[in-house]
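Observations on the three-dimensional arrangement
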Number of protein chains: 4
Amino acid sequence: MEALVLERKDELSLRDFPQIDRDEAVLGPRDVRIKLHTVGICGSDVHYYTHGRIGPFVVNAPMILGHEASGTVIETGSEVTTLKPGDRVCMEPGIPDPNSRATRLGLYNIDPAVRFWATPPVHGILRPTCVHPEAFTFKLPDNVSFAEAAMVEPLAVGVHAATKARIRPGDIGVVLGAGPIGLVTALSALAAGCARVYVTDLAEKKLEIAASLSPAIIPVHAARESITDRVKAETGGWGADVVFEATGAPKAAAGVFEPLAPGGCVVMIGGQPDPISYDAGAAMVREARVENIFRYAHVFPRCVSMLASGAIDVKPLITRTFDFKDSVRAFEIAASAPPADVKMQIELPQ
Amino acid sequence: MEALVLERKDELSLRDFPQIDRDEAVLGPRDVRIKLHTVGICGSDVHYYTHGRIGPFVVNAPMILGHEASGTVIETGSEVTTLKPGDRVCMEPGIPDPNSRATRLGLYNIDPAVRFWATPPVHGILRPTCVHPEAFTFKLPDNVSFAEAAMVEPLAVGVHAATKARIRPGDIGVVLGAGPIGLVTALSALAAGCARVYVTDLAEKKLEIAASLSPAIIPVHAARESITDRVKAETGGWGADVVFEATGAPKAAAGVFEPLAPGGCVVMIGGQPDPISYDAGAAMVREARVENIFRYAHVFPRCVSMLASGAIDVKPLITRTFDFKDSVRAFEIAASAPPADVKMQIELPQ
Amino acid sequence: MEALVLERKDELSLRDFPQIDRDEAVLGPRDVRIKLHTVGICGSDVHYYTHGRIGPFVVNAPMILGHEASGTVIETGSEVTTLKPGDRVCMEPGIPDPNSRATRLGLYNIDPAVRFWATPPVHGILRPTCVHPEAFTFKLPDNVSFAEAAMVEPLAVGVHAATKARIRPGDIGVVLGAGPIGLVTALSALAAGCARVYVTDLAEKKLEIAASLSPAIIPVHAARESITDRVKAETGGWGADVVFEATGAPKAAAGVFEPLAPGGCVVMIGGQPDPISYDAGAAMVREARVENIFRYAHVFPRCVSMLASGAIDVKPLITRTFDFKDSVRAFEIAASAPPADVKMQIELPQ
Amino acid sequence: MEALVLERKDELSLRDFPQIDRDEAVLGPRDVRIKLHTVGICGSDVHYYTHGRIGPFVVNAPMILGHEASGTVIETGSEVTTLKPGDRVCMEPGIPDPNSRATRLGLYNIDPAVRFWATPPVHGILRPTCVHPEAFTFKLPDNVSFAEAAMVEPLAVGVHAATKARIRPGDIGVVLGAGPIGLVTALSALAAGCARVYVTDLAEKKLEIAASLSPAIIPVHAARESITDRVKAETGGWGADVVFEATGAPKAAAGVFEPLAPGGCVVMIGGQPDPISYDAGAAMVREARVENIFRYAHVFPRCVSMLASGAIDVKPLITRTFDFKDSVRAFEIAASAPPADVKMQIELPQ
């Protein structure tokens, strides 16, 4: 099976990877076999390519990349009831231990035993086919394209963040950071009830893209204008009901409470390798609630429903598409900073 | 002051009402005086007209009608800080006792001492001016019209219902009843995160209006199709996450649990004069949560923000507008069943 | 294997039941084999004995009774990690499908596929040994006796009800009904934060037992005194924050909103075979939240912790203990109305 | 009126303070006049004495100390309905602006306009009488003593913290810090449903007091044993459901996530003058929720109910009582570090 393999830091190759054929020869009773159609390139894929590791996860052996995926079911296990060959699907990349305490409680995303595509030592899915559990494979309605479906994985982060924020209709939101995750979070916050969402960034181009997504998204250039002053001026001094930290930058994270209203909620989305500064006094006088999120749980079918009904439109975020044979070049482009692109995707031959 | 007065059951007159001038001669320090611009006709106004009472509230003396209103501030009390003459505003019609236990807890809508416009013995606002507390008067942005602003009151019921439901993004909703409250509830449920909302009714015309509001609203004719079968068929047998009862009809209310998913929520909006039938077994096997709502609290400024940003559009619901001088005729039309209209409004001379 | 078998309605026998030996000959990798020690007699066991059915569940073939149990692990499957032979344990009687949608969401108690001991066609555990999944078998600390541990199952209903009520410290509670479930609910409500709990019943003896459990439990004889008047008099007219319906009597259920405070919560515990009367108006003016519960989920280890720490003491509820050889007589006594006993238990030979 | 006056940093005097007589000569219609009985000494009172300021609050003029109080109503305003002369009461020391946005939402404790006793420039109540709003004055049942009632103020912090944590019955709690606030938090966490609470400190004596309060409180000496190791060992590796930070020490606060279970909650109670270190990675992998609290809201009557019913017993925390004439000496003792005492109180002449 030909796959996009990260041989080691800085070295990618598109080559045969026979081990996968052996590993996935047999289909479990609750599994399905999927022909991949579209795979998005995530910042984490690029980071493994350029750094060879993310925190404690180190690429010690050749690993197939890719975890944002859609495709078509081509074979089903003996006990599968909700899918059949020919079904168009998207897939959740993390598979938990169904018997773990966290999973039983419904918190499968924080089960330490979760196996996640393209996270060493688990292979990703930039390859022709894969085997996956029925329970984490979701059928697509006809009006959701493979390209949109491959956006469900990043969108799920935003939808999970908006869910944990417990947004009430008419809330005022702030999203710090207009990268791909910041943008899906802004869209999710609007879909979840925010009246409007202020999005900050330092890159003009990213703010333009943000502003183009909805008239209810208000771009704020973080170096030229204080988000706190802006939000307070436009809320009678009250502040934002929800602030999403989606930069992963310690400096931005240190200021999350400033634009927050009394009784408001901060959602920490951006990963932080080191401890950050926390303004406990500012948090206290507002009685802020802080939700720290890790990936997502239970939101894939919700995302599919929202794409199908038009509640969320991710198509403007898909800015470039490559053929599978050009995968290595796609990653080279994705790794060259700073991209005007939001999301690049790779299409596999059908 | 000329006002639309319900003299007694079935008798309306547009006439001078001097008592109001005397009552409102003096402005309190935290009050504002408002020149009314637009007033919507609510089903409760019509019900007082045609029945002379609603439950325990009986019209025993001539009463001015109207409680869905927008206008312009023309005078402010000495301690008012957030409004000034010339501000365009909408007003919340219920004024609670600020010292009651419910109000202190933030539950002012269920304060038994609340005084509500056009609920005997409190007069409504189908008249040139009124005096109102600053705290329940909300400034309008330039892009929200007086007509839209007078829709905030009914919209608030829908937004409050959606808030109490604690909708999560991607939920599937059902609204029983496509009257004005059913429609604003459907719009609110979508704005609050529902991927799609099924709306039922027995009147074809109402379902057409519902369907025209959004592609994510799915009309279901309650006499021709089972809402339960339809929802289950389109959710893999799971059911709806939220069911809103907005008919006030005992028969519809008796079936609220049927289309509900495990762990789902029912919101009872429609008033019921008598006890209804409650299928405790069906509620139990789903561990249903039931929220019973009464008017709204804290949502007027949220509604204004959502109208301003386009998160909710109520303009299609405003189907007819009358001059104040034609108020009596407007009520006669509104009282003639069944109206193809959703919301009729009355404009006062400026 | 000798077992207490309900041959058919009204006919019990203590006799050999070879089928179970065959069914449980092989231990799954995640299962444990348990030597039963103590089994409580539940009202549902008695109801199957005296009526041959509960709602749709009909005893069509001989069935072993019993589902409130504790015992000792005597064998473990190959993948079991948290238990070992010799561990004293209690067991959750319902086993869900781990792959169902409800179970994945953490709502395993409302998974329609759940298999529950002593619910036709699933056998109960009034027999020497049983095989059970590790995930639903909970180790006991040394200071929790087998008798207390066999009380965890009914206690779990009360703790689940108190959890769903989201009791806040200092709440005032009402429990309608002083049967075994009413009593464990009262204890759970106090442990969960209620300052005091009013318990109603029509049986003087049951109220005496209730009052003996804690000085914070206040007995109210429902035929001699209005619970609403009493609660309102002692809360400055405000009412109770939480009302638990634990009678299963339609008449009691019809009045659940009367003693409830504005913004309060009603928890429906008692099963109701038919639809009940629901005072929608009373629910609405209070904006009551109603939680309908079904058994319990995730609370067994919580109950064990509370018994161990003394947060809840169930020992006074265990009023009589029989030898296994006297099981049939124990059921005959339990079926003779009305028992002064709260909970009868059966001890198996060790 | 004789009062305990902080003249300036380090200088206390018990002397006549005529301004108060003038300020409080007239009773508002919703106010009551109270003869003070017992006043507790809070760490903040002592801090003003020894430092002359707390953060932005600076003692620039002589200020009466004291804010933990109970007493007897001696006069009532014309509109007071719930209290009468002779009623024994305790009082909430912070009075918000009833018209502020935060207060209307029920969040009066975070209203920036709140006026709080013994916080410059507002005087405290170490004096014979005071005038206070009825709404923040709470009647005591006969079985709650003045001394216990003067403990309601510090207890309210613990109860508010436990309420915000949304403790579920059977939770495992950790309280960092065994000072007065740590101890009332531990008692509140138990009353709110925790099965057991681990309390850490560096002072042996404080841990002994903690352990003496309940068999469900487990003392852990923070320098001799890792709280994380201890909790994980006794929860099968899972961790604590709730961690309360009550030390105010940056080092302790930096480690709040370590003993926390997946999906758990951290409550930040201890004030922090400077930003602290926040282990975002540890928070994220657990999807921790963090609640930051500021004083309390709506809990005084709840505390009174729990003291009356025995749900919480604060008597063991009252370790020494002084006569009003010995107030200065009482503060000198309280200021001498480290006290074996938990709570010192002052009794006024009756």
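Thresholds applied
Residues numbered from 1 in each chain as written. Chains lettered and ligands numbered in written order. Predicted model: local features only at pLDDT ≥ 70, side-chain atom pairs only at ≥ 80, totals over all residues. Heavy atoms only, no water. Helix = DSSP H or I, 4+ residues; strand = E, 2+ residues; numbered from the N terminus. Rg over C-alpha atoms; globule rule 2.2 N^0.38 Å. Areas by Shrake-Rupley, 256 points an atom, 1.4 Å probe, with all protein chains shown as cover. Lys, Arg positive; Asp, Glu negative; His and termini not counted. Charge placed at Lys NZ, Arg CZ, Asp CG, Glu CD. Contact = heavy atoms within 4.5 Å. Buried area = accessible area lost by both parts, 1.4 Å probe. Salt bridge = Lys/Arg side-chain N within 4 Å of Asp/Glu carboxyl O. Polar contact = N/O pair within 3.5 Å; in protein donor to acceptor, adjacent residues only side chain to side chain. Pairing = 2+ DSSP bridges. Axes fitted to C-alpha atoms, helices over the stretch in contact; angles between N-to-C directions. Least-squares fit on C-alpha atoms with pLDDT ≥ 70 in both. Phe/Tyr/Trp six-rings, centres within 6.5 Å; stacked < 30°, edge-to-face > 60°. Buried < 20%, exposed > 50% of the residue type's maximum accessible area, 1.4 Å probe, protein only. Lys NZ or Arg CZ within 6 Å of the ring centre and 35° of its normal. Arc of directions from axis to C-beta. Nonpolar A, V, L, I, M, F, W, Y, C, P; charged D, E, K, R; others polar.

**Some thoughts on the overall build of chain A**
Along its length, chain A carries twelve helices and 21 strands. The C-alpha radius of gyration of chain A comes to 20 Å, within 12% of the 20 Å expected for a compact globule of 350 residues. Once the C-alpha set of chain A is aligned to its principal axes, its extents read approximately 60 × 40 × 35 Å. When the accessible area of chain A is evaluated, it comes to approximately 12,600 Å², of which 55% is carbon and sulfur surface. For chain A, the centre of its 34 positive side-chain charges and the centre of its 41 negative side-chain charges are spaced 2 Å apart.

**Here's the deal with the interface of chain D and chain A**
Interfaces are frequently sized by the accessible area removed from exposure as the parts join. The interface of chain D with chain A comprises 37 residues on the first partner and 37 residues on the second. Summed over both partners, the interface of chain D with chain A buries about 3,000 Å², with 59% contributed by carbon and sulfur atoms. For the chain D face of the interface with chain A, the top three residues by lost area are D:Y278, D:M284 and D:E287, together amounting to 26%. Two residues, A:K164 and D:E287, come together in a salt bridge whose shortest N-O distance is 3.3 Å. For the pair chain D and chain A, the interface holds 15 residue pairs in polar contact (both at pLDDT 80 or more).

**Focus on the sheet that holds strand β19 (residues 289-292) of chain A**
Taken in spatial order, the twelve strands make up an open sheet running β15(A)-β14(A)-β13(A)-β16(A)-β17(A)-β19(A)-β19(D)-β17(D)-β16(D)-β13(D)-β14(D)-β15(D), and their pairing is mixed. Edge positions in the sheet fall to β15 (217-221) of chain A together with β15 (217-221) of chain D, since each of these pairs with one other strand and no more. Strand-to-strand twist in this sheet, taken as the mean axis angle between neighbours without regard to direction, amounts to 20°. In this sheet, strand β14 (residues 196-201) of chain D lies alongside strand β13 (residues 172-176) of chain D in parallel orientation, the contact comprising five bridges. What sits directly across from D:L176, in β14(D), is D:T200. Most of the contacts of helix α6 (residues 180-191) of chain A go to strand β14 (residues 196-201) of chain A, to which it runs at about 170°, and overall it touches β13 (172-176), β14, β15 and β16 (240-245) of chain A. Set on the sheet, helix α7 (residues 204-213) of chain A makes contact with β14 and β15 of chain A; between it and β15(A) the angle comes to about 165°.

**Topic: the relation of the copies chain A and chain C**
When chain A is fitted to chain C, the residual RMSD is 0.0 Å, and the transformation amounts to a turn of 180° plus an axial shift of 0.0 Å. The relationship between the two copies is best expressed as a two-fold rotation axis. The rotation axis passes nearest to the C-alpha of A:G106 in chain A, at a distance of 2.1 Å. Most of the interface of chain A is mirrored in chain C: 100% of its interface residues are interface residues there too.

**Examining the packing of aromatic side chains**
Tallying each qualifying case throughout the model produces 22 aromatic pairs over all chains. Taken together, a centroid distance of 5.8 Å and an interplanar angle of 40° make the contact between A:F138 and A:F300 tilted. Residue A:F138 is found in strand β12 (residues 137-139), and its partner A:F300 is found in helix α11 (residues 300-309); the two are separated by 162 residues along the sequence. Of the residues examined, A:F300 reaches a relative accessible area of 1% and is grouped as buried. An aromatic cluster is present here, built from A:F257, A:Y278, D:F257 and D:Y278 joined pairwise through their rings. The aromatic ring of D:F146 is capped on one face by D:R88, whose charged end is 4.5 Å from the ring centroid.

**Focus: the relation of the copies chain D and chain A**
When chain D is brought onto chain A, the operation consists of a screw motion whose angular component is 180° and whose axial shift is 0.0 Å, with 0.0 Å RMSD remaining. The fraction of interface residues of chain D whose copies in chain A are also interface residues reaches 100%, indicating that both copies meet through the same surface.

**Topic: helix α12 (residues 327-335) of chain D**
Residue and element names in this part refer to chain D. Taken as a whole, α12 has its buried residues at S327, A330, F331, I333 and A334. Projection of α12 onto a plane perpendicular to its axis shows the buried side chains occupying an angular sector of 160°, all on one side. Buried positions along α12 lie against β1 (2-8), β2 (11-16), α2 (43-51), β20 (318-323) and β21 (343-347).

**With respect to the environment of A:T137**
Residues and elements named next belong to chain A. Here T137 is to be found in strand β12. Contact partners of T137, with chain neighbours within four places excluded, come to V32, I34, L83, V89, C90, M91 and H132. Among the polar contacts made by the side chain of T137, one reaches the main-chain carbonyl oxygen of P133 at a distance of 2.8 Å.

**Details of helix α2 (residues 43-51) of chain B**
Among the residues of α2(B), B:D45, B:V46, B:Y48 and B:Y49 are the ones counted as buried. One face of α2(B) carries all of its buried residues, which in axial projection span an arc of 155°.

**Some thoughts on the sheet that holds strand β2 (residues 11-16) of chain C**
Residues and elements named next belong to chain C. Taken together, the three strands give an open sheet; going across it, the order is β2-β1-β6, and neighbouring strands pair in antiparallel fashion. Lying at the two open borders of the sheet, with one neighbouring strand each, are β2 and β6 (63-64). Sheet topology note: the strand β1 (residues 2-8)/β6 ladder contains two bridges and is antiparallel. The residue of β6 that forms the bridge with L6 is M63.

**Quick look at the side chain of B:R196**
Turning to its location among the elements, B:R196 is positioned in strand β14 (residues 196-201). We note that B:R196 is buried and unpaired, the nearest opposite charge coming from B:E234 at a distance of 4.5 Å. A polar contact is formed between the side chain of B:R196 and the backbone oxygen of B:E234, at a distance of 2.8 Å. Every residue in contact with B:R196, bar those within four places of it in the chain, is listed here: A:S305, B:D171, B:I172, B:G173, B:L190, B:A216, B:I218, B:E234 and B:T235.

**Structural notes on the interface of chain A and chain C**
With nine residues of chain A at the interface, the matching set in chain C holds nine residues. Summed over both partners, the interface of chain A with chain C buries about 950 Å², with 53% contributed by carbon and sulfur atoms. Linking chain A to chain C there are two salt bridges. As a salt-bridge pair, C:D97 and A:R30 come within 3.7 Å of each other at their nearest N and O atoms. Inspection of the chain A/chain C interface yields zero residue pairs in polar contact (both at pLDDT 80 or more). Considered class by class, the residues forming the side of chain A that touches chain C number two nonpolar, four polar and three charged.

**Quick look at unusual backbone geometry**
In this chain, B:P120 is followed by B:P121 through a cis amide linkage whose omega measures 5°. As for its position among the elements, B:P121 is in the loop between β10 (115-116) and β11 (129-133). In this model, A:D10 sits at a positive phi of 75°, which is unusual for a non-glycine residue. In this structure, A:D10 sits in the loop between β1 (2-8) and β2 (11-16).

**A few points about the pattern of salt bridges**
Pairing is possible between side chains of opposite charge, provided their charged atoms come close. Enumeration over the complete set of coordinates arrives at 88 salt bridges over all chains. For the salt bridge of C:R30 with C:E79, the shortest nitrogen-to-oxygen distance reads 3.4 Å. Of this pair, C:R30 sits in the loop between α1 (18-23) and β3 (31-40) while C:E79 sits in the loop between β7 (68-76) and β8 (88-91), and the two are 49 residues apart along the sequence. Accessibility expressed as a relative area gives 29% for C:R30, which makes it partly exposed. Its relative accessible area of 41% is what places C:E79 among the partly exposed residues. Among the ionic contacts, a cluster of salt bridges with common partners joins A:R30, A:E79 and C:D97.

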